[in-house]
Amino acid sequence: MENKAPTVSNVFTAGLWRENPILRLLLGMCPTLAVTTAVKPALTMGLSVIFVLLCSNIVVSLMRKLLKPHLRILMFTLAIATFVTIADLFLKAFQPEMSAVLGPYVPLIIVNCIIICRAEACASKNGLFVSVIDAIGMGIGFTVVLCILGGIRELLATGMIFDIPVMWKGFMPLSAMRMPVGAFITLGLILGLVNMLTAKKS
Amino acid sequence: MDKIYVLLMAFISIVIVNNLVFTKFLGICPYLGVSGRIDMAFGMGMAVTFVVTLAGTLTWLIDHFVLMPYGLEVTRYICYILVIAGAVQLVEMYLRKFFPPLYESFGIFLPLITTNCAILGLCLFINLWGIDNFIETVVLSFGAGIGFTLAICIMAGIRENLKTADVPDSLKGAPITLITAGLLTLAFMGFAGMIK
Amino acid sequence: MLKMIGHYIKESWLLVVSAFVFGLLIAVTNAAWQPKIIQNKITKLDSLMNVLIADAKFELILSDVPVETGRGKIAKSNIYKATASDGNCVGFCFGAEGSGFADKIELVVAVDAEFKTIMGYSVLSSNETPGFGDRITQDYFRNQFIGAPAAILNLTKKGDDKKIDDEIVAISGATVSSTAVVDIFNNYLKQIREKLAGEGKLADGK
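This write-up is about the structure you can find in this document. (Residues numbered from 1 in each chain as written. Chains lettered and ligands numbered in written order. Predicted model: local features only at pLDDT ≥ 70, side-chain atom pairs only at ≥ 80, totals over all residues. Heavy atoms only, no water.)

Let us look at the overall build of chain C. Secondary structure assignment for chain C yields 3 helices and 7 strands. When the elements of chain C are put in sequence order from the N terminus, they spell out α-β-β-β-β-β-α-β-β-α. In terms of overall dimensions, chain C is more spread out than a globule: its C-alpha atoms have a radius of gyration of 23 Å, far above the 17 Å expected for 206 residues. Split into buried and exposed, the 206 residues of chain C put 40% on the buried side. Taking all contacts inside chain C whose residues are at least 6 apart in sequence as the whole, residues at least 24 apart take part in 49%. Here chain C carries 23 positive and 24 negative side-chain charges, and the mean point of each set is 6 Å from the other. (Helix = DSSP H or I, 4+ residues; strand = E, 2+ residues; numbered from the N terminus. Rg over C-alpha atoms; globule rule 2.2 N^0.38 Å. Buried < 20%, exposed > 50% of the residue type's maximum accessible area, 1.4 Å probe, protein only. Contact = heavy atoms within 4.5 Å. Lys, Arg positive; Asp, Glu negative; His and termini not counted. Charge placed at Lys NZ, Arg CZ, Asp CG, Glu CD.)

Right, here's the structure in full:
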């Protein structure tokens, strides 16, 4: 039991920084760029991904001993698609505005590489507990980066965060930040910054 | 005549104006990962074109002849992803059996394609745009593949030249690719408004 | 033969069972939330239409009306009748669409009961350039349409955008988006009027 605690914190922090899905593994780029026009859609997307990741990791981890190798991927896809459909229905029912903003990017969680990658790399090899921790860590890592990106873009594009004006008077909004170009360049610079920080540390 | 015009416009719009990579952010993963060499990028693009045409058409057929008449729209996403996975599997088997040389060149990319967002994304967008014309669906699906190939080949060409460029250390690799892609989207924005 | 079937069952039982379970799961959630989703859609449309025609009840009178949007393309539109609390018809609302700068623009348009004056429009969905084309959702452009005659509208580059007439002043920097909105109006007003007149639903009976 003693050596369990470090493993858990290890697994948890892996998703946050060392193996952060966006910053380090460059997975799940498509929603990262598409939905980060503002913080709110970014947060909604992040939470949906956490939900799907958690459910799929639990299911995969529970049936990992029964899985046949060649039907494995099919099984993962089926489970993920099911939970994405549920998440989509939930958003449509209780967050109709966000559902309209996110549009087809909610179903696109199905092909978000993070989820299938975690199912394959972690959940199909580890027990329930580790898989859950892993899903939460990875999910939070994903969500935080999404929110940072969304925050920067919303701030520069409109001068507001969560629709509350925060910038000084006379601030000129940079509409370009809300266009695709803003997404690509902001993420590129963030990745560059992360690379620089890591290089300094080591 | 009008029909041909509509189809032509649909094709140009999906290849250039509404390019999936530059305006909808679909298929970014292979776009960043594979596009290091032009010949590889072209092979990947062709494989995607092949699968996306098949998948777009099949999902449209299933949507209109199975899901909608029986009110099963809620299972749409599951059906789509299964169709795509199945199509990829079939294409792989077919190529291996009948066109070994083609399989050699496509083969490595095929398993990757199932999780390529461009494919599922296109199927979803066809549904979202409410396309109810079969031929238009085929043209759009094919055009999406061509658009993807175009984007990935342009990027590969730029990256081949970037190798010799003096890029700051921390920006090497993915960051500079993303920034380049950002500038490319600006260039492609110039085409918007072309289609009426 | 039996052995082979047994082999297949052994290989795939998990898949079949979980497909069944997942199917059940989706069916249950769908059954639980579908009414709410439908309600949400109605509420959204109602609130949009209520902005255009205040204090009225909306009733779907014609659904899936085919409207030509140019070059042989057909779009489907729903027409709603707005009734005031005293039971009089105060106007009509209908969905309208056309291609904008980047993507399709979808509008809800309101006209009065005689189909003579436009009562305004709301943007249902659009994907216009932020900062330029997306100003078609803003009041200063939309207000030009309120009270304009429901006939052919013209777009001008310069003019008085406060004056209400059949001249619509384009958004500077977004001529294509402005043109798209005006085109949608010109196209739909004519065809919807014919449809409504053909069904005898217009207030003056013509």
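Right, let's get into the overall build of chain B. The secondary structure content of chain B amounts to 10 helices and 0 strands. Here chain B has a C-alpha radius of gyration of 18 Å; the compact-globule value for 196 residues is 16 Å, and the two agree. Considered along the principal axes of its C-alpha atoms, chain B spans approximately 60 × 45 × 35 Å. Split into buried and exposed, the 196 residues of chain B put 56% on the buried side. Sequence-distant contacts, at least 24 apart, represent 78% of the contacts inside chain B between residues at least 6 apart. As displayed, chain B has an accessible area near 8,600 Å², and 71% of this comes from carbon and sulfur atoms. When the 10 positive and 11 negative side-chain charges of chain B are each reduced to one mean point, those points stand 2 Å apart. (Areas by Shrake-Rupley, 256 points an atom, 1.4 Å probe, with all protein chains shown as cover.)

What follows covers the interface of chain B and chain A. Taken together, the contacts link 35 residues of chain B with 36 residues of chain A. Contact between chain B and chain A buries roughly 3,000 Å² in total, counting both sides, with carbon and sulfur atoms accounting for 85%. Taken together, chain B and chain A are joined by 0 salt bridges. At the boundary of chain B with chain A, the tally comes to 3 residue pairs in polar contact (both at pLDDT 80 or more). For the side of chain B that touches chain A, the secondary-structure elements that each account for two or more residues are α2 (20-24), α3 (28-33), α5 (76-98), α8 (117-128) and α10 (174-189) of chain B. (Buried area = accessible area lost by both parts, 1.4 Å probe. Salt bridge = Lys/Arg side-chain N within 4 Å of Asp/Glu carboxyl O. Polar contact = N/O pair within 3.5 Å; in protein donor to acceptor, adjacent residues only side chain to side chain.)

All names here are of chain C. With respect to the helices and strands, the residue Ala174 is situated in the loop between β7 (167-169) and α3 (175-199). Judged by relative accessible area, which is 5%, Ala174 ranks as buried. As a C-alpha pair, Ala174 and Phe132 span 42 residues in sequence and 5.5 Å in three-dimensional space. Other than its neighbours up to four places away in sequence, Ala174 contacts Phe132 and Gly133.

We now examine the side chain of Asp63(B). Residues and elements named next belong to chain B. Relative to the assigned elements, Asp63 resides in helix α4 (residues 38-67). A residue is classified by how much of its surface remains accessible, and Asp63, at 2% relative accessible area, is buried. With residues up to four places along the chain from it excluded, the contact list for Asp63 reads Met68, Pro69, Arg76, Tyr80 and Asn127.

Bringing the packing of aromatic side chains into the picture now. By the definition in use, this model includes 19 aromatic pairs over all chains. Centre to centre, the rings of Phe94(A) and Trp33(C) are 5.5 Å apart; their planes meet at 90°, and the pair counts as edge-to-face. With Phe94(A) in helix α4 (residues 72-94) and Trp33(C) in helix α1 (residues 2-52), the pair connects residues from two separate chains. Under the relative-accessibility criterion, Phe94(A) is labelled partly exposed at 38%. Ring pairing ties together the aromatic residues Tyr121(C), Phe141(C), Phe145(C) and Phe185(C), which thus form one cluster. (Phe/Tyr/Trp six-rings, centres within 6.5 Å; stacked < 30°, edge-to-face > 60°.)

Residue and element names in this part refer to chain C. With respect to the helices, strands and loops of the structure, Ile184 is situated in helix α3. For Ile184, a relative accessible area of 4% puts it in the buried group. Distance in space between the C-alpha atoms of Ile184 and Gln144 is 15 Å, their sequence separation being 40 residues. Excluding anything up to four places from it in sequence, Ile184 contacts Ala96, Glu97, Gly98, Ile105 and Leu107.

Turning our eyes to something else, we now look at unusual backbone geometry. Among all residues except glycine, the phi angle is most often negative; among peptide bonds, the trans geometry is most common. In this model, Phe25(B) sits at a positive phi of 60°, which is unusual for a non-glycine residue. Mapped onto the elements, Phe25(B) comes out in the loop between α2 and α3. For Phe25(B), a relative accessible area of 6% translates into the label buried. Phi angles above zero are rare outside glycine, and Phe115(C) is one such case at about 60°. In this structure, Phe115(C) sits in the loop between β4 (104-112) and β5 (118-125). In this structure Phe115(C) comes out as buried when scored by relative accessible area, which is 0%.

What follows deals with the packing of helix α1 (residues 2-17) of chain B against helix α9 (residues 134-162) of chain B. Residues and elements named next belong to chain B. Orientation of α1 relative to α9, taken along the N-to-C sense of each, is 30°, at an axis distance of 7 Å. With respect to their mutual orientation, α1 and α9 come out roughly parallel. When the axes of α1 and α9 are compared, the crossing they make is right-handed. Every residue of α9 that contacts α1 at Val6, Leu7, Ala10, Phe11, Ile14 and Val15 is listed here: Ile135, Glu136, Val139, Leu140, Phe142, Gly143, Ala144, Ile146, Gly147 and Leu150. (Axes fitted to C-alpha atoms, helices over the stretch in contact; angles between N-to-C directions. Parallel < 35°, antiparallel > 145°, perpendicular 65-115°, else oblique. Left-handed = near helix turned anticlockwise from the far one by under 90°.)

Attention shifts here to the pairing of β5(C). Residues and elements named next belong to chain C. As paired elements, β4 and β5 share 6 bridges and run antiparallel to each other. For Val109, the partnering residue across the bridge sits in β5 and is Tyr121. Linkage of β4 to β5, two consecutive antiparallel strands, is achieved through a turn of 5 residues, within which Phe115 is found at a positive phi near 60°. (Pairing = 2+ DSSP bridges.)

Tyr105(A), Leu108(A), Leu26(B), Tyr31(B) and Ile113(B) are the most contacted members of the largest nonpolar core, which has 119 residues in total. Broken down by element, the residue count for this core peaks at 13 residues, all from α4(A). Those residues in contact with Leu108(A), other than ones at most four positions away along the chain, are Cys30(A), Leu26(B), Cys117(B), Leu120(B), Gly121(B) and Leu124(B). Membership of the second largest hydrophobic core comes to 36 residues, among which are Ala75(C), Tyr121(C), Leu189(C) and Leu202(C). (Core = buried A, V, L, I, M, F, W, Y, C linked by side-chain atoms within 4.5 Å.)

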